[in-house]
Amino acid sequence: MPTARAFSPAGISSFFEICDRDKRGHLIENPLRIGAHGGGFVISKGVHAKVEVKEAEANRISVYINGKFAPEAKTSETVVKKILSRVEGAYEVRVEHDVQVPIGAGYGASGAGALAVGLALNEALGLRLTYNEVGKIAHVAEVECKTGLGTVAPLMLGGAVLTVKSGGPGFCLIDRIPLKPNYRIVSGYFGPIATKTVLASPRVMGRVNRFGRRTLNQILEDPSIENFMASCKKFAAEVGLMSSRVRRLIDAMEKAGAIGATQNMVGEAAHALVDEERVEKVVEAVGRLM
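For clarity, every value in this text was computed on a predicted model and none was experimentally measured. All residue numbers refer to position in the chain's written sequence, counted from 1. Local features in this predicted model are restricted to residues whose pLDDT is 70 or higher, and side-chain atom pairs enter the listing and the counts only when it is 80 or higher, whereas totals over whole chains, interfaces and linings include all residues. Only hydrogens and water are removed before side-chain values are computed, so all heavy atoms of the structure are retained for them.

> Explain unusual backbone geometry to me, using residue names and the numbers behind them.
Backbone torsion omega between Met265 and Val266 reads 5°, so that peptide bond is classified as cis. Under the scheme used here, helices are H or I runs from DSSP no shorter than 4 residues and strands are E runs no shorter than 2 residues, and both carry numbers assigned from the N terminus. Structurally, the position occupied by Val266 is in the loop between strand E9 (260–263) and strand E10 (267–275). In this structure, Arg128 takes a positive phi of about 60° despite not being glycine. Tracing the backbone through its elements, the reader meets Arg128 in the loop between helix H2 (109–124) and helix H3 (131–145). Positive phi, normally seen in glycine, also occurs at Lys146, with a value near 60°.

Structure below.
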């Protein structure tokens with residue numbers, strides 16, 4: 001039974017602008033050209049995927065997350081379906097995800113899972129797809145399942161990322177803000193906010209796009225990490241998804257010495273950029289509110 005493993009880092013989204021329409025306001029049909037402008041941080045924790053494959057009379061797919069059967073993991077399932085459509089014959093595929101970050105709270109878990117399972121299945125089936133080809137499949141799966149719009153491509157690059165042209169791998173343009181090696185991300189999590197709910201609300205989408213475009217322009221005018229964090233915090237406040245306890249968490253992080261802090265997009269969670277020397281104080285501050 002062919003078995004393969006792969007890993008994708010997760011990524012915390014700090015701000016975004018939904019890019020699913022062309023300049024004339026028409027919905028974009030090609031999912032590889034749908035995406036988001038935005039920015040955030042690719043982190044060391046992420047999603048491991050173990051894939052077991054065996055020949056079968058018909059394709060069967062099962063996905064497990066942290067040891068539990070997860071029929072709700074449609075994005076990973078969709079990646080498997082798309083890859084199986086490229087091969088002859090049928091297979092039973094078992095996917096086991098070890099997810100190291102909270103799900104549904106702006107940590108990019110679905111995108112990381114999609115990329116990891118794509119890489120693992122590519123190896124298990126001996127398909128020899130390139131990194132970008134696997135990334136494109138994962139991106140399209142996220143768009144179709146409405147679990148994300150522009151998560152996958154930044155995960156493939158890493159660092160403090162800025163997506164300045166939207167779309168999937170090979171279509172988007174991603175820049176980075178250089179970071180000092182002693183910088184760390186500290187994050188606190190209360191609970192999820194359903195991405196589908198946000199994407200389905202014209203009122204929320206209107207605010208996201210209005211303030212997301214302005215935030216990107218503000219950051220590009222002064223692409224320092226300090227301005228990045230301050231601009232993202234302003235974006236989070238203006239979009240209006242910030243709960244009172246997330247606001248208190250952000251304040252506590254900053255008072256404890258963080259360079260800057262803001263809300264995860266989208267989740268009832270926050271993240272801070274912290275100098276290594278102050279990590280312990282910021283972690284203590286977060287712990288008091290959890």
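> Describe in detail the packing of aromatic side chains, supporting the description with residues and values.
A pair of aromatic rings is counted whenever rings of Phe, Tyr or Trp (Trp by its six-membered ring) have centres within 6.5 Å, and the orientation is called stacked for planes under 30 degrees apart, edge-to-face for over 60 and tilted otherwise. Going through the model one piece at a time under the given rule, you end up with 6 aromatic pairs. For the pair Phe15 and Phe228, a centre-to-centre distance of 6.3 Å together with 65° between the ring planes defines the contact as edge-to-face. Here Phe15, found in strand E1 (residues 3–19), pairs with Phe228, found in helix H7 (residues 225–239); they are 213 residues apart in sequence, far enough to count as distant. Judged by relative accessible area, Phe15 falls into the buried class, the value being 1%. Taken together, a centroid distance of 6.5 Å and an interplanar angle of 70° make the contact between Tyr107 and Tyr189 edge-to-face. In this pair, Tyr107 sits in the loop between strand E5 (90–99) and H2 while Tyr189 sits in strand E8 (residues 183–192), placing the two residues 82 residues apart along the sequence. Tyr189 gets classed as partly exposed once you look at its relative accessible area, which sits at 31%. Aromatic ring contacts, followed pair by pair, group Phe15, Phe16, Phe41, Phe228 and Phe235 into a single cluster. Note on criteria: charge over ring means Lys NZ or Arg CZ within 6 Å of the ring centre, with the direction from the centre no more than 35 degrees off the ring normal. Directly above the ring of Tyr64 sits Arg94, whose terminal nitrogen or CZ lies 4.0 Å from the centroid. Stacked on the ring of Phe211, the Lys or Arg Arg210 has its end atom at 4.8 Å from the ring centre. Exposure categories follow from relative accessible area, calculated using a 1.4 Å probe and restricted to protein chains: below 20% of the type maximum is buried, above 50% is exposed, and the middle band is partly exposed.

> Residues and numbers for the nonpolar core, please.
Nonpolar core, defined: a set of buried Ala, Val, Leu, Ile, Met, Phe, Trp, Tyr and Cys residues in which side-chain atoms within 4.5 Å join the residues together. Counting residues in each nonpolar core, the largest one holds 49 residues, and the members touching the most others are Val51, Val53, Val93, Leu121 and Leu125. At the level of secondary structure, the elements contributing two or more residues to this core comprise E1, strand E2 (35–56), strand E3 (60–65), helix H1 (74–84), E5, H2, H3 and helix H4 (152–155). With 9 residues, the top contributor of residues to this core is H2. Other than its neighbours up to four places away in sequence, Val93 contacts Val51, Glu52, Val53, Arg60, Ile61, Ser62, Val80, Leu84 and Leu121. Counting 46 residues, the second-largest nonpolar core is a separate cluster that includes Ile34, Ala36, Ala256 and Val282. In this analysis, two residues are considered to be in contact whenever any of their non-hydrogen atoms come within 4.5 Å of each other.

> Report on the packing of H1 against H2, specifying residues and quantitative values.
A pair of packed helices is captured by two measures, namely the crossing angle of their axes and the spacing between those axes. To get an axis, fit a line to the C-alpha atoms, keeping to the stretch in contact for a helix; angles then go from 0 to 180 degrees between the N-to-C directions. At a minimum axis distance of 8 Å, the contact between H1 and H2 shows a crossing angle of 30°. Classified by the interaxial angle, the pair formed by H1 and H2 is roughly parallel. Crossing handedness for the pair H1 and H2: right-handed. Packed against H1, whose contacting residues are Thr75, Ser76, Val79, Val80 and Ile83, the element H2 presents Ser110, Gly113, Ala114, Val117, Gly118 and Leu121 at the interface. Amino acids are sorted into nonpolar (Ala, Val, Leu, Ile, Met, Phe, Trp, Tyr, Cys and Pro), charged (Asp, Glu, Lys and Arg) and polar (every other residue, Gly among them). For the contact of H1 with H2, a count of residues per class yields 6 nonpolar, 5 polar and no charged. An angle below 35 degrees is treated as roughly parallel, one above 145 as roughly antiparallel, one from 65 to 115 as roughly perpendicular, and anything else as oblique. Crossing chirality is assigned from the near helix's rotation relative to the far helix, an anticlockwise turn below a right angle marking it left-handed and a clockwise turn marking it right-handed.

> Can you tell me about the sheet that holds E9, naming the residues and giving the values?
Across the sheet, which stays open at both edges, the 3 strands sit in the order E8-E10-E9 with antiparallel pairing between neighbours. With partners counted over all chains shown, the strands left at the sheet margins are E8 and E9, one partner each. Between one strand axis and the next, the sheet turns by 15° as a mean value, whatever way the strands run. Relative to E10, E8 is paired through 9 bridges, and the arrangement is antiparallel. By the bridge assignment, Ser187 is partnered in E10 with His271. The sheet contacts of H7 involve E8, E9 and E10, and relative to E9 the element is tilted by about 30°. Between any two strands, pairing holds if DSSP finds at least two bridges.

> So what's going on with the packing of H2 against H3? Residues and values would help.
Taken N-terminus to C-terminus, the directions of H2 and H3 make an angle of 135°; their axes are 9 Å apart at the nearest point. Between H2 and H3, the interaxial angle falls into the category oblique. Here H2 and H3 pass one another in a crossing that is right-handed. Each of Ser110, Gly111, Ala114, Leu115, Gly118, Leu119 and Asn122 in H2 lies in contact with H3, whose residues at this interface are Tyr131, Val134, Gly135, Ala138 and Glu142.

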